[in-house]
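# What the coordinates show
Residues per chain, in single letters:
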Amino acid sequence: MSYLKYLVTEATEATEARVRLDFWLIYARTLEKYVTEFAEPQANFEALCREAKSLPDSSNEANTRFKILDRLLYDCLAWSKEEAEREKSQGQEYTDYELQSPPIAILEAKKVGLTFSIPVSKRPSLYRPVKDIAAASVECEKAINQA
């Protein structure tokens, strides 16, 4: 092997090794950042779950928003308050939360203890007409009408 070819081979192998090393360093920094960034929201979520269990069923919708939903959105899911519209007018009705503009999600708060299950659809979809959900059960209809 010529000396020149030897140097090129050594340089190529060294470059490839350096690229691999750089990749793993970047990967390690990314993992560290990921773990660091999500440690606090995860801890906030775990605390919220513990505290939510102790809320009395008599807590009204305003308490649900203040003690659960605001903390869930802002402290656990990292939505900024600028990304969420609250009490936005829709004609003579109001939505409790609209996330982003145009909205990608609309949240309706309920008092603690008011639960219902959304029925399984025959055709899976991210969108379900509210009237279809209300027609599925008495509990769904009550929850939607309470909005």
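What counts, and at which threshold
- Residues numbered from 1 in each chain as written.
- Predicted model: local features only at pLDDT ≥ 70, side-chain atom pairs only at ≥ 80, totals over all residues.
- Heavy atoms only, no water.
- Helix = DSSP H or I, 4+ residues; strand = E, 2+ residues; numbered from the N terminus.
- Buried < 20%, exposed > 50% of the residue type's maximum accessible area, 1.4 Å probe, protein only.
- Pairing = 2+ DSSP bridges.
- Axes fitted to C-alpha atoms, helices over the stretch in contact; angles between N-to-C directions.
- Contact = heavy atoms within 4.5 Å.
- Core = buried A, V, L, I, M, F, W, Y, C linked by side-chain atoms within 4.5 Å.

## Thoughts on unusual backbone geometry
Omega for the peptide link from Ser 101 to Pro 102 comes to 0°, which places this bond in the cis form. Following the sequence through the fold, Pro 102 ends up in the loop between strand S2 (93-99) and strand S3 (105-107). Positioned with a positive phi, Ala 78 is a non-glycine residue whose angle comes to about 60°. Relative to the elements of secondary structure, Ala 78 occurs in the loop between helix H2 (61-76) and strand S1 (84-90). Classification of Ala 78 by relative accessible area gives exposed; the value is 57%. Here Gln 100, not a glycine, exhibits a phi torsion of approximately 70°, which is positive. Within the fold, Gln 100 resides in the loop between S2 and S3.

## Considerations on the pairing of S1
Of the pairings in the sheet, the one linking S1 to S2 comprises six bridges and is antiparallel in character. Counted as the bridge partner of Lys 88 is Thr 95 from S2. Adjacent in sequence and paired antiparallel, S1 and S2 are bridged by two residues, among which Gly 91 carries a positive phi angle near 75°.

## Observations regarding the sheet that holds S2
The three strands lie next to each other as S1-S2-S3, forming an open sheet whose pairing is antiparallel. Every interior strand has two partners, whereas the edge strands, S1 and S3, have only one. Each adjacent strand pair in this sheet contributes to an overall mean axis angle of 40°, direction not counted. Bridge count between S2 and S3: three bridges; the pairing is antiparallel. What sits directly across from Tyr 97, in S3, is Leu 107. Taken strand by strand, H2 contacts S1, S2 and S3, and its axis lies near 20° from that of S2.

## Describing the side chain of Arg 65
Take Arg 65: it is sitting in helix H2. By relative accessible area, which is 15% here, Arg 65 ends up buried.

## Structural notes on the nonpolar core
Of all hydrophobic cores here, the largest spans eight residues; its members are Leu 69, Leu 73, Tyr 74, Trp 79, Ala 84, Tyr 97, Leu 99 and Ala 109. Where this core is concerned, the elements lending two or more residues are H2 and S2. The element best represented in this core is H2, accounting for three residues.

Take it as geometry only, folks, not as evidence of what the structure does.
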